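Report on the structure
Listed here are the chains, written in short residue letters.
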Amino acid sequence: MAKTRTAQELEKIFLEFAYYNDMKGVAFKPRAYELASESMAALGDEIKETWSRGGIKELKKLPGVGQSTAEKIDEYFRTGKIKEYAALKKEFPVDMWGLSRIEGLGPKHIRDLYKYLKVKNLTDLKKALKAHKVQKIPLWGEKSEEKLLRGLGLMEQAAGRKLLGYVLPLADEIVTQISKVKGVKRCTYAGSIRRKQETIGDIDLFATAANSEHVMDAFVNLPQVASMHEKGKTRASVRLNNGMDCDLRVVPDEVFGATLQYFTGDKRHNVLLRQYALSKGYTLSEYGLFKLTKKGTRKRGKLVVCKTEEEIYKHLGMDTPPPELRVGEDELEAAKKHALPNLIPYGSVKGDMQVQTDWTDGNTSIEGMAKAAKELGLSYMAVTDHTKALAFVGGLKDADVIKQGKEIDKLNKKLRGFRILKGTECDILKDGSLDLKNETLAKLEWVGVSIHSSFRLSRADQTRRLLRAIENPNVDCIMHPMCRIIGKREPIDYDMDEIIASAKKHRVALEIDAFPDRSDLRDIHVRAAVRAGVKLVISTDAHHPAHMSFIPLGEAIARRGWASKSDILNTKPVGELLSYLAKK
DNA sequence: GCCGTTTTCGGCCCGACTGTTTTCAGTCG
């Protein structure tokens, strides 16, 4: 769900409530407000819809939102502000949000900076650091000042989150290097990379070895490392040359499973799992699942399991949620009920359903792309060049599409064990009509349609536009349905529920475009489509042979959206796919 | 402040690293 300023503001307000309470030394409330903030972040724009639908009563149903928080949200939407928040800001006029972005600077230190030096924001902090006043604060010293200065610099040059597709190869490279270090038994990435999140903030790795200090030294001296944040006996943290942070933890090989579970996260998933473990008389850490000595106490007793993730979840009476599902929402409930989905395995996609060639803006011939696809182990691909509305890439006219079809027929006779489908990525024009004639579309085997213009239409107009396209009986698929380009273009706005319902009715598939900066559909939309019984396809939007290797990224999105193999059309062999399409 | 297989009161995840006042608080993931 998109986040408007309103949703983001609420997320920030509740996080600041958490910081203010933490700063004052109040117990437990910080965590409660933090959860409320996470709830706002997860909901995005739905928060206002929830409030409109049922006010405080409806808001209280949200996770982490109780009476007090619901009243604050209600006050915010009714009056545009929250009195208690305004009072806190007045009492303590400090930019908690901005200052806390600095690594190592938390609520208590922000309190002292304000108390002793009247530091309210980043500008004040820079001045105080320059005048070396920070080390004069009681209980602070020279090193604290240096650390803060370093943290400030790192924040200013830090790159934001990076796309999974670009981080994975780097993570693999580092894992390979650490694996070669003497004494290392196993090394793997965990964290958001293992969960295959859309974007990655930092690279989390761990290794198993008897002598950990030796591994730490090797790690901080890798060629990819620009600087070091901290280095202990079993944990180190560095800044890489590309601006990302990377953490390495070393543990004994026996506890591999427990560490993998702990380090994979996400944070909310682990908190929920650990809470559940406690309720069952266990305590869970990166060293294993332990029996509590006596129920109600926190004393750790005998080790129960630690070798694999599966045995830990099993001991708690549940199935193991695949990493892609570990987001701290309903996956643990499903795991307890043995109702986790049978996710589409990696390597299930048999054909790429969106491929551009040198007939338009691709850089390779149809034959060249087909050969590359075959080498990757695919057994078919759909040629889907752009249409004439995209004049700047030389989009195809009706006659060109027919001509291209004849060439594909020739190639298919020549190729052994591979099939090229005659397709298109036909433009959806502003009014929802299509850029090729119906008689042309009817001759194709795969008709994908997509939007490349008028991105800023109103929600109602954009919805109407897409519905009209879906209703065209020649259409098989909506390609990159959100039209976003991560970091460059916002998604277009329309009523996704209506589109999904219409796609179901007209037997139109939705695409998961695996190209890294598209990643479109997103996981939440995939899940909605799967629930509604709408079929999906995974494709790469390849413009170059190398792009077809993005397919696993699309499979990852499908997995995050709880999709099974049967939800994805192009896991079928080409014959079955064609007969499915023919029935439309 | 939130929440419920410990259920409307009494709990709230767990451990490593850093710096400093040397016994532990603060921060992070």
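Now for a quick tour of the structure.

Scoring rules and cut-offs
Residues numbered from 1 in each chain as written. Chains lettered and ligands numbered in written order. Predicted model: local features only at pLDDT ≥ 70, side-chain atom pairs only at ≥ 80, totals over all residues. Heavy atoms only, no water. Helix = DSSP H or I, 4+ residues; strand = E, 2+ residues; numbered from the N terminus. Areas by Shrake-Rupley, 256 points an atom, 1.4 Å probe, with all protein chains shown as cover. Lys, Arg positive; Asp, Glu negative; His and termini not counted. Charge placed at Lys NZ, Arg CZ, Asp CG, Glu CD. Phe/Tyr/Trp six-rings, centres within 6.5 Å; stacked < 30°, edge-to-face > 60°. Buried < 20%, exposed > 50% of the residue type's maximum accessible area, 1.4 Å probe, protein only. Lys NZ or Arg CZ within 6 Å of the ring centre and 35° of its normal. Core = buried A, V, L, I, M, F, W, Y, C linked by side-chain atoms within 4.5 Å. Contact = heavy atoms within 4.5 Å. 1 Å grid on protein atoms, 1.4 Å probe; cavity = no way out; pocket = protein on both sides within 12 Å on 5 of 7 lines; lining within 4 Å. Points joined across faces, edges and corners; volume = space filled by probe spheres on them. Nonpolar A, V, L, I, M, F, W, Y, C, P; charged D, E, K, R; others polar. Polar contact = N/O pair within 3.5 Å; in protein donor to acceptor, adjacent residues only side chain to side chain. Pairing = 2+ DSSP bridges.

What follows is about the overall build of chain A. If you tally the helices and strands in chain A, you get 24 helices and 17 strands. Counting only C-alpha atoms, chain A reaches 80 × 60 × 50 Å along its principal axes. Of the accessible surface of chain A, which amounts to about 27100 Å², a share of 52% is contributed by carbon and sulfur atoms. Within chain A, one finds 99 positive and 79 negative side-chain charges whose respective centroids are separated by 4 Å.

Each aromatic ring pair is described using two quantities: the centre-to-centre distance and the angle formed by the ring planes. Following the criterion strictly, the structure yields 12 aromatic pairs and no others. Ring geometry for Phe-206 and Phe-263: centres 6.2 Å apart, planes at 50 degrees, overall tilted. Separated by 57 residues along the polypeptide, Phe-206 in strand E4 (residues 202-209) and Phe-263 in helix H13 (residues 256-264) bring together distant segments of the chain. For the pair shown, Phe-206 and Phe-263 are each scored as buried. Judged by centre distance (5.6 Å) and plane angle (15 degrees), the ring pair of Tyr-262 and Phe-263 falls under stacked. For Phe-263, a relative accessible area of 12% gives the class buried. The rings of Phe-14, Phe-17, Tyr-33 and Tyr-85 are connected pair by pair, giving a single aromatic cluster. Positioned above the aromatic ring of Tyr-114 is the side chain of Lys-118, whose terminal nitrogen or guanidinium carbon lies 4.8 Å from the ring centre. For the cation-ring pair, Arg-186 lies above Phe-256, with the distance from its terminal atom to the ring centre recorded as 3.9 Å.

Quick look at the nonpolar core now. General note: in soluble globular proteins, nonpolar side chains tend to be found buried as a group. In terms of nonpolar packing, the biggest core is built from 59 residues, with Met-381, Ile-420 and Leu-510 touching the most fellow members. When residues of this core are assigned to their parent elements, the largest contribution, 5 residues, is made by helix H17 (residues 366-375). When neighbours within four sequence positions are excluded, Ile-420 is seen to be in contact with Ile-366, Ala-370, Met-381, Val-383, Ile-408, Leu-411, Asn-412, Leu-415 and Glu-445. The next biggest cluster of nonpolar side chains, apart from the first, holds 45 residues, and it includes Ile-13, Leu-43, Val-65 and Ile-82.

What follows covers empty space enclosed by the protein. Per the stated rule, a full pass over the model turns up 2 cavities of 30 Å³ or more. In this structure, the largest cavity occupies an estimated 80 Å³ of space. Taken together, 13 residues make up the lining of the largest cavity; nearest its centre are Leu-164, Glu-198, Ser-519, Leu-553 and Ile-557. Counting residues per element, the ones that place at least two in the lining of the largest cavity are helix H10 (164-179) and helix H23 (551-560). Broken down by element, the lining of the largest cavity gets its largest block of residues, 4 residues, from H23. Looking at the lining of the largest cavity residue by residue, the class counts come to 7 nonpolar, 3 polar and 3 charged. For the second largest cavity, the calculated volume is near 50 Å³.

So, about the side chain of His-452. Summarising the element assignment, His-452 is placed in the loop between strand E14 (446-450) and helix H20 (459-471). A distance of 3.4 Å separates the side chain of His-452 from the side chain of His-480, its partner in a polar contact. Other than its neighbours up to four places away in sequence, His-452 contacts His-386, Leu-390, Glu-425, Asp-427 and His-480.

Moving on, we come to the sheet that holds strand E11 (residues 351-355). Strand order across the open sheet formed by 7 strands is E11-E12-E13-E14-E15-E16-E17, with parallel pairing between neighbours. Each edge of the open sheet is held by one strand with a lone partner, namely E11 and strand E17 (536-539). Taken together, the 2 bridges between E14 and strand E15 (residues 477-478) define a ladder with parallel strand orientation. Bridge assignment links Val-449 to a residue of E15, and that residue is Ile-478.

On their own, these measurements won't tell you what the molecule is for.
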